[in-house]
Amino acid sequence: RDRRRVHGSKKIVEKAVEDRLNFHPSGAMIFLDTSCPWKDHLYDIERELALPEQHLKYVIYTDRVSKTYRIQCVSDEKSTFTSRLPLHKKWRGVPVQELRTISGIADIVFVHATGFIGGAASLESVKKMGELTLNDPESQ
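Conventions we followed
Residues numbered from 1 in each chain as written. Predicted model: local features only at pLDDT ≥ 70, side-chain atom pairs only at ≥ 80, totals over all residues. Heavy atoms only, no water. Pairing = 2+ DSSP bridges. Helix = DSSP H or I, 4+ residues; strand = E, 2+ residues; numbered from the N terminus. Axes fitted to C-alpha atoms, helices over the stretch in contact; angles between N-to-C directions. Buried < 20%, exposed > 50% of the residue type's maximum accessible area, 1.4 Å probe, protein only. Contact = heavy atoms within 4.5 Å. Salt bridge = Lys/Arg side-chain N within 4 Å of Asp/Glu carboxyl O.

Peer 1: Looking at this structure, I do not really get the sheet that holds strand 2 (residues 58-63). What am I missing?
Peer 2: Hydrogen bonds along the backbone pair up the strands of a sheet, which may run parallel or antiparallel. The mixed open sheet is built from five strands, whose spatial order is 1-2-3-5-4. Pairing within the sheet leaves two strands with one partner each, and these edge strands are strand 1 (29-31) and strand 4 (108-111). Across the sheet, the axes of successive neighbouring strands diverge by a mean angle of 20°, strand direction being ignored. Relative to strand 5 (residues 117-120), strand 4 runs antiparallel, the two being bridged by three bridges. Within the sheet, the bridge partner assigned to Phe110 lies in strand 5 and is Gly119.

Peer 1: Which parts of the structure should I look at to understand the side chain of Glu14?
Peer 2: Position of Glu14 among the secondary structure elements: in helix 1 (residues 3-18). Relative accessible area serves as the criterion here: at 17%, Glu14 is assigned to the buried category. Setting aside residues no more than four positions away along its own chain, Glu14 makes contact with Ile45 and Glu48.

Peer 1: Explanation requested: unusual backbone geometry in the structure shown.
Peer 2: Excluding glycine, most residues fall at negative phi; most peptide bonds, likewise, are trans. The phi angle at Gln54 is positive, at roughly 60°, despite the residue not being glycine. Despite not being glycine, Lys67 has its phi angle at roughly 60°, a positive value. By the element assignment, Lys67 lies in the loop between strand 2 and strand 3 (68-73).

Peer 1: Looking at this structure, how should I read the pattern of salt bridges?
Peer 2: Any two side chains of opposite charge can pair, on the condition that their charged atoms come close. Under the counting rule described, the total for this entry stands at seven salt bridges. Across the pair Arg84 and Glu46 runs a salt bridge whose closest N-O atoms are separated by 2.6 Å. With a gap of 38 residues between them, Arg84 in the loop between strand 3 and helix 4 (96-103) and Glu46 in helix 3 (residues 42-48) connect regions that are remote in the sequence. With relative accessibility at 12%, the residue Arg84 sits in the buried group.

What follows is the structure in structure tokens.
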């Protein structure tokens, strides 16, 4: 792997983690303004910054192909598929028109059947997806 690319990716993730409270008051979501392999670094950064265990729940980024936004759940650990807080259970795998109605988010595009990832046309909407899941004790 190119060492400069890896170092650059870590800096992008570090900056997003450091700016998390400016992005959302919960501090549980980060926004990557540049696409990069975040999983390679996030868990190390959490430990280095001594963040509360499993505090970060979502990573938000732009999907370069569709030009929409994605919200991806952080897994328990780098090598597991268990999400710390999957997206709302009522949204998982639901067709887009119904999803827009039940979520109240007009430009939501999808939520995977397991809730590990979802998307919307705007940054505000993916942020809202995370917020609604975080704030609803019935979401799981």
